[in-house]
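So the chains spell out like this:
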Amino acid sequence: MKKIPGYRRYVPGTQPPHLHPPYVSSIKRAPLQPLVALPHTLSEITGPLFERDIADVKACDLTRQHSGEPLGERIIVSGRVLDENSRPVPHTLVEIWQANAAGRYLHNIDQHHAPLDPNFTGSGHAVTDSEGRYRFVTIRPGEYPWGNHHNAWRPAHIHFSLFGPAFATRLVTQMYFQGDPLIPFDPIFNCTEDEKARNRLISQFDWETTIPSQALGYRFDIVLSGRESTPMETHAHGEKL
Amino acid sequence: MSLQTTTWQTVGPFFRIGFSWLYRDNLTEPGVSGERLEIAGRILDGDGKPVPDGIVEIWQANSHGKYAHPDDPQEKPGELGFTGYGRVPTDDAGSFHFTTIKPGRVPGPDGKLQAPHLAVSVFTRGLLRRLVTRIYFPEEPSNAEDFALKLVEPGRRETLIAKRIEGRTGELEWNVKLQGEGEAVFFDI
């Protein structure tokens, strides 16, 4: 059987360590034994695929999931999903979740003294198009306090979850907003050593996707691990399933 | 290489909002071939306390050892109704469970077949990126020659192998100790 190339390993320093004591929750949950390096096999270079119609229109417009409009500043969050070889990652599932404009999550363990919004769930998902593009309409999430240390506040952020083409390309991250004064103080944002890698988590205000009189646009491109060597021919052969 | 993989960030405590629409605790459908198994376990932290805000994701081949994915070049039958993907949350006791079938063997890097296994991602608040591990099966002779198990020091291999529950056929137990005594084996992939 022909050998199939695996996916690239992370560049040192560009990913967080498992243990990052300033983020207190990592102290009792991070493994202490070294990870076991595993060469990629068929189990890692394949991964879950989802139907292209798994996300409907409402799923990518978080302002239209209820009878009324949510409170807050409406924004467009869009970008491209690419691999390390600059190739678009088409038809891949992107999931997001976030707090409402007041900085409150629709979740029973969120006890922050801020109002819930009956018109905002804070959950969305989309499938990238053939060029790897995705687009969400949502509201700008609020900052909120958390118990990590005295007077700890999370900068405004949106959680992102992506699959990519393989088990090895899975990614969960958070998107931040340009100019947020809380970013330099956030132990979660700061968990990655490489400053450039960290700063790529900050979305950029974008005139091109801003809609006049409606919503400001923010651009957030996401890069998933790419193939190690020249990728095998794109799979033009039909799927059996 | 022109770009760099985006930096991971923790799923935090509120991932249910984004993840629950795709919870799948039963990977099988009627008519899917293979030995049906219920796998249950707990995620525990370094103090042995349950992790109530965790997620386990499963990726696996079908009973013939074929992945539902175009990059699997094997001439083996796919099965309608079997995607091989599961996603389950932990509850207040740190417990999770899912129903699936025992996968067939798939090739390893040396061309030899691997022992049947599930690829697993663990996400919790406090984990800055996912932990990758595998679930192997008890009383499986091919475990002895599996390349990935052989990469692990012998004393720690058992954390990767699910256990039978006495008197309950078709049920397996597999726990994830994140840290400390009995720490599970996690892979760098």
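You'll find the structure just up there.
Procedures and definitions
- Residues numbered from 1 in each chain as written.
- Chains lettered and ligands numbered in written order.
- Predicted model: local features only at pLDDT ≥ 70, side-chain atom pairs only at ≥ 80, totals over all residues.
- Helix = DSSP H or I, 4+ residues; strand = E, 2+ residues; numbered from the N terminus.
- Rg over C-alpha atoms; globule rule 2.2 N^0.38 Å.
- Buried ≥ 20, exposed ≤ 12 C-beta atoms within 10 Å, placed from the backbone.
- Contact = placed C-beta atoms within 7 Å.
- Core = buried A, V, L, I, M, F, W, Y, C linked by C-beta atoms within 7 Å.
- Nonpolar A, V, L, I, M, F, W, Y, C, P; charged D, E, K, R; others polar.
- Pairing = 2+ DSSP bridges.

Regarding the overall build of chain A
Helices and strands together make up the secondary structure of chain A, namely two helices and twelve strands. Starting at the N terminus, the α and β elements of chain A follow one another as β-α-β-β-β-β-β-β-β-β-α-β-β-β. Over its C-alpha trace chain A gives a radius of gyration of 19 Å, about what one expects of a compact globule, namely 18 Å for 241 residues. Expressed as a percentage of the 241 residues in chain A, the buried residues total 44%. In chain A, the share of contacts with a sequence separation of at least 24, taken over all contacts with a separation of at least 6, comes to 71%.

Here we look at the nonpolar core
One broad rule of soluble globular proteins: the nonpolar side chains tend to lie buried together. By size, the foremost hydrophobic cluster in this structure holds 100 residues, and its most contacted members are V81, V94 and L162 of chain A together with F15 of chain B. In this view, F15 of chain B contacts W97 and H159 of chain A together with I55 and F123 of chain B; residues no more than four positions away in its chain are not counted.

A word on the interface of chain B and chain A
Between chain B and chain A, the residue contacts involve 63 residues of the former and 74 residues of the latter. Those elements that place two or more of their residues in the side of chain B that touches chain A are α1 (16-19), β5 (117-124) and β10 (187-188) of chain B. In terms of residue class, the side of chain B that touches chain A is built from 33 nonpolar, 20 polar and ten charged. Of the strand pairs in this sheet, strand β1 (residues 36-37) of chain A and β10 of chain B are connected by two bridges, and their pairing is parallel. Bridging across to β10 of chain B, V36 of chain A finds its partner in F187 of chain B.

A word on the environment of S130 of chain A
Residue and element names in this part refer to chain A. Mapped onto the elements of the fold, S130 is located in the loop between β4 (123-127) and β5 (133-139). The exposed category is assigned to S130, around which 8 C-beta atoms lie within 10 Å. A C-alpha to C-alpha distance of 9.4 Å links S130 and T92, two positions 38 residues apart in sequence.

What about the pairing of strand β8 (residues 157-162) of chain A?
Residue and element names in this part refer to chain A. Taken across its six residues, β8 has six buried, putting it largely inside the fold. What you see with β8 is no split at all: H157, H159 and S161 on one side and I158, F160 and L162 on the other are buried throughout. Taken together, the four bridges between strand β3 (residues 93-97) and β8 define a ladder with antiparallel strand orientation. Residue W97 lies in a different strand from β8, and its bridge partner there is H159. Pairing between β8 and strand β9 (residues 171-177): six bridges, direction antiparallel. Bridge pairing in β9 links H157 to Y176.

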